[in-house]
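Fold and geometry: a report
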Amino acid sequence: MERFSLVLLPLFSYLSIATTLDIKSDESSLLAFKSLITSDIINQNWSTQTSVCSWIGVTCDTRGSRVTRLNISNMGVAGSIAPEIGNLDCLVSLDLSGNILHGPIAPSIFNLTVIESINVYNNTLSGSLPEDICRQNRLGRLKMLDLTWNEFVGGIPLSLDQCPQLERIMFGLNNFSGHVPKQIGNITKLMELSLDINYLEGVIPQEICHLDNLRRLGMSDNELSGPLPAAIGNMKALHDLNLDRNALTGAIPSTIGNLSKLQFISIMNNELNGPIPPTIGNLSNLFALFFANNNLNGFIPQEIHHLHHLRGLSMSNNNLSGSLLPDFFNMSSLEDVFLGGNKLSGVLPSEIGNMKVLKALYIGNNSLIGPIPPTIGNLSNLVTLDLHSNNLNGPIPSSIGNLASLQTLQLTFNKLNGFIPQEIHRLHRLQVLSMSYNNLSGPLPPTISNMSSLEYIQLVNNKLSGALPSEIGNMKALDSLFIANNSLIGPIPTTIGNLSKVTYVVLSYNNFDGPIPSTIGNLPNLQFLDLTSNKLNGPIPSTIGNLPTLTEVQFHSLLEIYQIWSLYNSWPTN
């Protein structure tokens, strides 16, 4: 037994010395890193007077013999990355994200043979990546490479497929250029490929569609062209597909309906054409469908109503036609609907009232006809209702007053008639009331003054009559008042001087009479005043000279314009 102990003692001594040497080597590497950065936290904490394993952001193995993790994320670290960081050859995880590091990423980092995660997200690192980043069995265990939100340039290395364990490649928000390497299609374990917001060009390689474990594919905000590969339907694990703002052309392949796990798809702002494939109705897990700003045509497929989890739908600014079918409005999970700028026709069905969780409805700039159904008043969660530039007719339903959450009501450029319903005053959260270019008649309801949140009133070019109610002075949040081209009569109420936030007042082409109230001089933010073509009389109030922000005034005649010009020229300049 004594002989056995004597044999082991030198071995233990050797291991102890080796451990000390290894941890000293790691300490030296970290101190070299510290020498090129500034950070109050690290400068105060990383000291040779304490064990390197106790330093903030540093994790060692269980024996305390080697540094295995370095996480100094969001510590306000500024400076550059010392090449000695690549000497931490037992490092498994490196997280430098959320700092102010600049300059190139140290190439030595890519020699770390056991590292599994490299994260330099949100710095100002620059330069290009080594073309042989994954060759010669380097980075053989790497699972995540996050370079997002830096200033890297050059091409994406073709050798990435020689990092066989890669699960996440995140290169978004950089200045990478060139083509997307087809070799990425060989990284069979890849679950996330994020290349958004770069300068990549060329087609989406067919080989990408071999990635049957991929959950997120992001290539938005690049310069990609060509069609969507038909083989995209092979990516059965895909949850999130974002190809916004490229120059993609051709039709949406019907194979898109094979992506049964897809939850989010956005291919907005491209040059896609042709119809929306009916197979879109197979995407039963979808909660967001964004196809806006393309050249898509044909009908909205009836099968879309099978998307029972859909919350956001955007197909604005295409060439879609046909009617909105009642089944569409039975999609009870929808919160946001954007269909403006198409060629949709027919009527708004009464089933619209079934969309109880709807918050935004944009169907402006289409060819809808018929009345606004009274059931629209059931949409108690609606924040924005935009039906402008259609051919809707009939009265505005009084049930509109039930939309207690409404902030924007946009009904301009239709053929609506009748009175503005009294019930509108119940819309206490309404900020924008826009009903210009209709055939509305009758007086402005005095109760409109109860709408204390209202900032914009646009009622131009209707047939409104009666007086401008004095209660308008109670609308303290009002920024713009446009009621031109109507048949309003009587004096401009003196209470208009209470609108302390108003910047635009346009009352032209009515039948207002009497003097211009001197209280207009109480409007400190007024920039534009138009009283053209009324029956106003008397002098122009000198109080207008109190308006420091006023840039344009329009009255009825050249004589009055000359008078106001003379008045301006008599005002002091400082």
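Note that the coordinates shown come from a computational prediction; the quantities given were computed from them, not determined experimentally. (Residues numbered from 1 in each chain as written. Predicted model: local features only at pLDDT ≥ 70, side-chain atom pairs only at ≥ 80, totals over all residues. Heavy atoms only, no water.)

A word on the overall build of the protein chain
- On a plain count of helices and strands, the protein chain comes out with three helices and 43 strands.
- By its C-alpha atoms, the protein chain is 120 × 65 × 45 Å across when sized along the principal axes.
- Burial analysis of the protein chain (574 residues in total) assigns 51% to the buried set.
- Counted over contacts in the protein chain with a minimum sequence separation of 6, partners at least 24 positions apart contribute 51%.
- For the protein chain, the centre of its 29 positive side-chain charges and the centre of its 40 negative side-chain charges are spaced 6 Å apart. (Helix = DSSP H or I, 4+ residues; strand = E, 2+ residues; numbered from the N terminus. Buried < 20%, exposed > 50% of the residue type's maximum accessible area, 1.4 Å probe, protein only. Contact = heavy atoms within 4.5 Å. Lys, Arg positive; Asp, Glu negative; His and termini not counted. Charge placed at Lys NZ, Arg CZ, Asp CG, Glu CD.)

Notes on a nonpolar patch on the surface
- Taken together, Tyr121, Trp149, Leu173 and Ile197 make up a surface patch of nonpolar side chains, about 350 Å² in accessible area.
- With respect to the helices and strands, leucine 173 occurs in the loop between β11 (168-170) and β12 (175-179).
- Overall, the relative accessible area of 32% leaves leucine 173 in the partly exposed class. (Patch = residues over 30% accessible without salt bridge, like charges linked within 9 Å, V, L, I, M, F, W, Y side chains within 5 Å. Areas by Shrake-Rupley, 256 points an atom, 1.4 Å probe, with all protein chains shown as cover. Salt bridge = Lys/Arg side-chain N within 4 Å of Asp/Glu carboxyl O.)

Some details on the side chain of aspartate 26
- By secondary structure assignment, the location of aspartate 26 is in helix α1 (residues 2-35).
- Judged by relative accessible area, which is 0%, aspartate 26 ranks as buried.

Describing the pairing of strand β20 (residues 271-275)
- Direction of pairing for strand β18 (residues 247-250) relative to β20: parallel, over a ladder of two bridges. Residue glycine 250 lies in a different strand from β20, and its bridge partner there is leucine 272.
- Relative to strand β22 (residues 295-299), β20 is paired through three bridges, and the arrangement is parallel. When the bridges of β22 are listed, glycine 274 appears paired with leucine 296. (Pairing = 2+ DSSP bridges.)

A word on the side chain of asparagine 438
- Inspection of the secondary structure assignment puts asparagine 438 in the loop between β33 (432-434) and β34 (439-442).
- The buried category is assigned to asparagine 438, whose relative accessible area is 5%.
- Only 3.0 Å separates the side chain of asparagine 438 from the backbone oxygen of leucine 411, close enough to count as a polar contact.
- Every residue in contact with asparagine 438, bar those within four places of it in the chain, is listed here: Leu411, Thr412, Phe413, Asn414, Lys415, Leu416, Asn461 and Asn462. (Polar contact = N/O pair within 3.5 Å; in protein donor to acceptor, adjacent residues only side chain to side chain.)

Comments concerning the packing of aromatic side chains
- In total, this model carries 11 aromatic pairs according to the counting rule given.
- Between the aromatic rings of phenylalanine 482 and tyrosine 504, the centroid separation amounts to 6.0 Å while the plane-to-plane angle is 25 degrees, which identifies the pairing as stacked. In this pair, phenylalanine 482 is assigned in strand β37 (residues 480-482) and tyrosine 504 in strand β39 (residues 504-506), connecting sequence segments 22 residues apart.
- Given the relative accessible area of 33%, tyrosine 504 is considered partly exposed.
- An aromatic cluster is present here, built from Phe33, Trp46 and Trp55 joined pairwise through their rings. (Phe/Tyr/Trp six-rings, centres within 6.5 Å; stacked < 30°, edge-to-face > 60°.)

Notes on the pattern of salt bridges
- Per the stated rule, a full pass over the model turns up 10 salt bridges.
- Its salt-bridge partner being glutamate 27, residue lysine 24 comes within 3.6 Å of it at the nearest N-O pair. Of this pair, lysine 24 and glutamate 27 both sit in helix α1, separated by three residues, roughly a single helical turn.
- The class of glutamate 27 is buried, set by a relative accessible area of 10%.
- Residues aspartate 89 and arginine 66 are paired through a salt bridge, measuring 2.5 Å at the closest nitrogen-oxygen approach. Of the two residues, aspartate 89 sits in the loop between β4 (78-79) and β5 (93-95) while arginine 66 sits in the loop between β2 (58-60) and β3 (67-71), which places them 23 residues apart along the sequence.
- For arginine 66, a relative accessible area of 11% puts it in the buried group.
- Overlapping salt bridges, with partners in common, bring together Asp26, Arg66 and Asp89 in one network.

Some points on the environment of valine 347
- By the element assignment, valine 347 lies in strand β26 (residues 343-347).
- Considering only alpha carbons, one finds valine 347 and leucine 392, 45 residues apart in sequence, at a separation of 8.2 Å.

A look at the state of the cysteines
- Summed over all chains, the structure comprises two disulfides.
- In this model, cysteine 53 is linked to cysteine 60 through a disulfide, with the two sulfur atoms separated by 2.1 Å. With the S-S bond torsion at -95 degrees, the cross-link from cysteine 53 to cysteine 60 turns out left-handed.
- Judged by relative accessible area, cysteine 53 falls into the partly exposed class, the value being 26%.
- With a sulfur-sulfur separation of 1.8 Å, cysteine 134 is cross-linked through a disulfide to cysteine 163. (Disulfide = S-S within 2.5 Å.)

Thoughts on empty space enclosed by the protein
- Applying the stated rule across the entire model yields two cavities of 30 Å³ or more.
- Considering the residues around the largest cavity, the lining is formed by Ile300, Pro301, Gln302, Ile304, His305, Ser323, Leu324, Leu325, Asp327 and Phe328.
- Classifying every residue of the lining of the largest cavity by side-chain character gives six nonpolar, three polar and one charged.
- Around the second largest cavity, the lining residues are Ile204, Ile208, Cys209, Leu217, Pro229, Ile232, Met235 and Leu243.
- Tallied by class, the residues present in the lining of the second largest cavity amount to eight nonpolar, no polar and no charged. (1 Å grid on protein atoms, 1.4 Å probe; cavity = no way out; pocket = protein on both sides within 12 Å on 5 of 7 lines; lining within 4 Å. Points joined across faces, edges and corners; volume = space filled by probe spheres on them. Nonpolar A, V, L, I, M, F, W, Y, C, P; charged D, E, K, R; others polar.)

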